[in-house]
Amino acid sequence: MAGLLQALVVASEKAAQIARLCRREEPLFQLLVAEKTGTDRNRRFLQDFKTLADVLIQEVIKHDLGKEFPELQGHIHGEESNEFRNGQGETVEVRVCATPGDTAALLRSVLEPEREAAELLAAAVHQDVVLEDTELAGVVLSIPPKDLAIWIDPIDSTNEYIGGREDVAPIDGIAPAGLCSALVLIGAYDRRVGCPVLGVINEPFFRRDPQTRRWQGRYHWGIAYGDTRLCSLSPPPPRPAPCVVLSRAEAAAVRAALGPLCGDHLRFAAGAGYKMLCVILGLADSYVLSEGSTFAWDACAPHAILRALGGGVVALAGALRARRAGGTGDPPELLYNLPAEGAVGAERWANRGGLVAYAHPQHLEAVLAAL
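Residues numbered from 1 in each chain as written. Predicted model: local features only at pLDDT ≥ 70, side-chain atom pairs only at ≥ 80, totals over all residues. Heavy atoms only, no water.

Participant: Help me out: how do you make sense of the layout of surface pockets in this one?
Facilitator: Using a probe with the size of a water molecule, rolled over the atoms, empty space left in the structure can be pinpointed. When its volume is computed, the largest pocket comes out at roughly 570 Å³. In terms of lining residues, the largest pocket is bounded by 30 residues, among which Asp 156, Ser 157, Thr 158, Gly 271 and Ser 293 are the most central. Among the residues forming the lining of the largest pocket, the class breakdown is 10 nonpolar, 9 polar and 11 charged. (1 Å grid on protein atoms, 1.4 Å probe; cavity = no way out; pocket = protein on both sides within 12 Å on 5 of 7 lines; lining within 4 Å. Points joined across faces, edges and corners; volume = space filled by probe spheres on them. Nonpolar A, V, L, I, M, F, W, Y, C, P; charged D, E, K, R; others polar.)

In structure tokens, the structure reads:
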């Protein structure tokens, strides 16, 4: 398990470097931020570059983890399809090839005539990432990778990543929007029972270096397996009255129900992963979402870290039904191994009925009572 944890962190660091590269290097940046709509959107290839950046990061993570842990191959899942149609109408399967030259050639077949962009990306894909993290290196835990599967969200909060706003002032540490909410999420879950056991969250755009003005990132990890709880963070202290973070699109009835509980501690932010990170960091006590608009890849990694800290992520609709029926047991936590019955496509992995992410059980109870 320690080896797998380190591999997930390394994969998240490479992903973060690619995400930063796309915003730093002019040939990539111009493709990333170009507004492509209607017929212009299809001028070079039928899916735009922001989707290619997502897919490439996802495929890099799949490749690197599958190469190091062959028993995970076929069990590493992501948000994106890796098939593109280029300007000639040909279907191209984006993947990591044996050499940088081969990968560059494949990317050129999608990006033509953007040769420099393809070569920059290929070099980043094949780079070696070395961690200097003594705490991570000291983690010792045994669990067979053959028992696990992986969910990847290569760039959570893609719209904020594309917009790239850096001028959004945080409120009590929580940014309502902006580049800081774009995250790399990698979570591992038990194939048999579906519970999350390991999570890595990488913040590629945590801060700018004051001298170089280049972005620097940071990462967080957590393990919740059996009786073992290990985390790169300490559990956040609870507030007397919970601070709850919501989406701007959250229903008015939910806002009205939570307002009296939170007082002036109702906050809003972009990105499901970022809102759960706010709970992990103690900037908020709970994240509430009443709609089924998040997916397994959004929640798996943060959920594992929250479990490591003594919290969790429950299925909101199921938890409310249990309360109304007089249930006294623990509310149902999200699981990651079973697709939704009757759904197709991405909806098979939607967290139907919403969710509540929490750091402290008493705040979960208070939120469910208010709702």
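Participant: Please clarify how the pattern of salt bridges should be interpreted in this entry.
Facilitator: When their charged atoms lie close together, side chains carrying opposite charge are able to pair. On inspection of all chains with the given rule, the structure shows 11 salt bridges. Its salt-bridge partner being Arg 165, residue Asp 167 comes within 3.2 Å of it at the nearest N-O pair. Arg 239 serves as the salt-bridge partner of Asp 285, at 3.0 Å between the closest nitrogen and oxygen. Taken together, the residues span a long stretch of sequence, with Asp 285 in the loop between helix H10 (272-280) and strand S11 (286-289) and Arg 239 in the loop between strand S8 (228-231) and strand S9 (244-246) at a distance of 46 residues. Since its relative accessible area comes to 2%, Asp 285 is described here as buried. We classify Arg 239 as partly exposed; its relative accessible area is 27%. (Salt bridge = Lys/Arg side-chain N within 4 Å of Asp/Glu carboxyl O. Helix = DSSP H or I, 4+ residues; strand = E, 2+ residues; numbered from the N terminus. Buried < 20%, exposed > 50% of the residue type's maximum accessible area, 1.4 Å probe, protein only.)

Participant: In this structure, what is going on with the environment of Leu 320? I would like to understand it.
Facilitator: With respect to the helices and strands, the residue Leu 320 is situated in helix H12 (residues 316-324). Using a relative accessible area of 13% as the deciding quantity, one classes Leu 320 as buried. Taking the C-alpha atoms as reference, Leu 320 lies 12 Å from Glu 333; in sequence the two are 13 residues apart. Leaving out residues up to four positions away in the same chain, Leu 320 has contacts with Leu 368 and Leu 371. (Contact = heavy atoms within 4.5 Å.)

Participant: Sorry if this is basic, but what is going on with the sheet that holds strand S7 (residues 215-225) here?
Facilitator: Paired through their backbone hydrogen bonds, the strands of a sheet run either parallel or antiparallel. With mixed pairing, 6 strands are arranged side by side in an open sheet as S1-S4-S5-S6-S7-S8. Of all the strands in the sheet, just strand S1 (76-78) and S8 have a single pairing partner and so form its edges. Averaged over all pairs of adjacent strands, the angle between their axes in this sheet comes to 15°, without regard to strand direction. With 7 bridges connecting them, strand S4 (residues 148-156) and strand S5 (residues 183-190) associate as antiparallel partners. Bridging across to S5, Ile 150 finds its partner in Ala 188. Across the sheet, helix H4 (residues 49-68) touches S1, S4 and S5, and the angle it forms with S4 is around 150°. Sitting on the sheet, helix H11 (residues 296-308) is in contact with S1, S4, S5, strand S6 (196-208), S7 and S8, with an inclination near 100° to S6. (Pairing = 2+ DSSP bridges. Axes fitted to C-alpha atoms, helices over the stretch in contact; angles between N-to-C directions.)

Participant: In this structure, what is going on with unusual backbone geometry? I would like to understand it.
Facilitator: Glycine aside, a negative phi is what most residues show, and trans is what most peptide bonds show. Cis geometry marks the peptide bond from Glu 112 to Pro 113, where omega comes out at 15°. As for its position among the elements, Pro 113 is in the loop between helix H5 (100-111) and helix H6 (115-125). For Ser 157, which is not glycine, the phi torsion reads 70° and is therefore positive. In this fold, Ser 157 is placed in the loop between S4 and helix H8 (158-163). A relative accessible area of 13% means that Ser 157 is categorised as buried.

Participant: What is the right way to read the pairing of S11 from this model?
Facilitator: Each regular strand displays side chains that alternate between the two surfaces of the sheet. Side-chain alternation along S11 places Ser 286 and Val 288 on one buried face and Tyr 287 and Leu 289 on a second face that is also buried. Pairing of S9 with S11 involves 2 bridges; the strand directions are parallel. Across the sheet, the residue bridging to Val 245 is Tyr 287, located in S11. Pairing of S11 with strand S13 (residues 355-358), which is carried by 4 bridges, proceeds in the antiparallel orientation. Bridging from a neighbouring strand, Tyr 287 pairs with Ala 357 of S13.

Such coordinate-based values are descriptive only and should not be taken to indicate function.
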